[in-house]
Amino acid sequence: MDKKAPIGIFDSGVGGLTVAREIIRQIPEERIVYFGDTARLPYGSKSKDNIIRYSRQIIRFLRTKDVKAIVIACNTASAYALETVSKESDIPIIGVINAGARAAAAATRNGKIGVIGTRGTIQSGIYTKVLQELKPSVQVTGKACPLFVPLVEEGLLHDSVTDEIASRYLSDLKGKYIDTLVLGCTHYPLLRSTLRRLLGESVTLVNPAYETAIELRELLLEQGLLHEKRSEDESQEDKYQFFVSDLAEQFTSFATAILPNEVKKTKQIDIETY
Ligand code: DGL
C-alpha cells in the first residue's frame, strides 16, 4: 500500500469534520478524502441494518479513491457498523468509540462516567460495553441528546435555547456524580464551552475526535503507512477532497467554518450507485 494514499473519512454529514479537523491538526502530512452522507442523515435515528448498508456503500465509494485506511467519524455508524465492515475489509478501518472510551477510562477517578450521544449510539450500549471491558468497575450512564445536532447545525452554539436544552439533558447526569463525560457524537465538541460551563471544571470532557486522530497516527505508524513528508507542490484542493450525497454548497460553507483551511469545492455523488 502506498504511504501517499489518502485516508478516507466518512460521516452522516458535516459533524465528522470535527474528526477531520483533528486529523488535519495532528497529522498534517496526510491526504484526506471525506464523504458526508447529507442525503440520508441523520444516522442517529436509523436502524442498524440501514447504517450497515450505508456504510458498505460509502466504503465502496472511498475504495475507488484508493484510500489506505478509513475512519468512521460518525459515532452512530461506529456503534452499529464498525464490527461488520472492518471484518470485510483488507485495509484498516477504525471508528471513534474505542479511542473515546480508552481516554474516558483513563481519565475517571471516581469510576462514574457519563456518555452523551444520539439515540442510536446510546441505545446500542456500545460505550458501556467497551468501557466495562477496559475497566470492569466503572459505572456508565448514557443520555441521548437528540436536539444537540439540529442546534449545532443551526449555528446556535452560544445561545440561551441551547443552554436551556443542555441543562435539561445534563440534569439526569448530575445526580450520578460523574467526573468524566464522553462527547459521543460528532457535533458535541462544538458545544464544549456550553457543556463546560454547565458541568463545571471538575468534570473531564472527553472528545473522541481528538483521541481518534492519535489512534490513527499510531495505527499508520505501526503498519508502515504514515506519510511523513509534506508534498510542497500539492494544492489544498488536491490534498483534501470533499464529497457529499446532497447539498454540496451548504457543506462547503460549514466545512470552511470548521476546518483550518478554506474549502473551495465539494462534489455531489450518487451514493446509492455504489
Ligand atoms: N454523526 C452522528 C453521530 O456522531 C450525528 C448526526 C446524525 O445523527 O447523523 O452519531
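Look above for the structure.
1. Some remarks on the site of the ligand
For the ligand, the set of nearby residues contains 13 residues, the closest of which are Asp11, Ser12, Tyr43, Gly44 and Thr76. For the ligand, a nitrogen atom lies 2.8 Å from a polar atom in the side chain of Asp11. One of the backbone N or O atoms of Gly44 is found 2.8 Å from an oxygen atom in the ligand. Here the ligand loses 97% of its free accessible area of 300 Å² to cover by the protein chains. Tallied by class, the residues present in the shell around the ligand amount to five nonpolar, seven polar and one charged.

2. A closer look at the sheet that holds strand β6 (residues 139-144)
With parallel pairing, the four strands of this open sheet are ordered in space as β6-β5-β7-β8. Taken across any chain shown, the strands that pair with only one partner, and hence form the sheet edges, are β6 and β8 (204-206). For this sheet, the mean inter-axis angle between neighbouring strands, taken without regard to orientation, is 20°. With five bridges joining them, strand β5 (residues 112-117) and strand β7 (residues 180-184) adopt parallel strand pairing. Considered in β7, the bridge of Ile113 is made with Thr180. Against the sheet, helix α4 (residues 97-107) engages β5, β7 and β8, with an angle of about 165° to β8. Docked against the sheet, helix α6 (residues 126-134) engages β5, β6 and β7, running at close to 150° with respect to β5.

3. With respect to the sheet that holds strand β3 (residues 69-72)
Strands sit in the order β4-β3-β1-β2-β9-β10 across an open sheet of six strands; the sheet is parallel. The sheet is open, and its two edges are formed by β4 (93-94) and β10 (267-268), each paired on a single side. In terms of strand pairing, strand β9 (residues 240-244) meets β10 through two bridges, oriented parallel. Paired with Val244 across the strands is Gln268, a residue of β10.

About the cut-offs
Residues numbered from 1 in each chain as written. Predicted model: local features only at pLDDT ≥ 70, side-chain atom pairs only at ≥ 80, totals over all residues. Heavy atoms only, no water. Near = heavy atom within 4 Å. Polar contact = N/O pair within 3.5 Å; in protein donor to acceptor, adjacent residues only side chain to side chain. Areas by Shrake-Rupley, 256 points an atom, 1.4 Å probe, with all protein chains shown as cover. Nonpolar A, V, L, I, M, F, W, Y, C, P; charged D, E, K, R; others polar. Pairing = 2+ DSSP bridges. Helix = DSSP H or I, 4+ residues; strand = E, 2+ residues; numbered from the N terminus. Axes fitted to C-alpha atoms, helices over the stretch in contact; angles between N-to-C directions. Contact = heavy atoms within 4.5 Å.

Just geometry here; none of it tells us what the structure is for.
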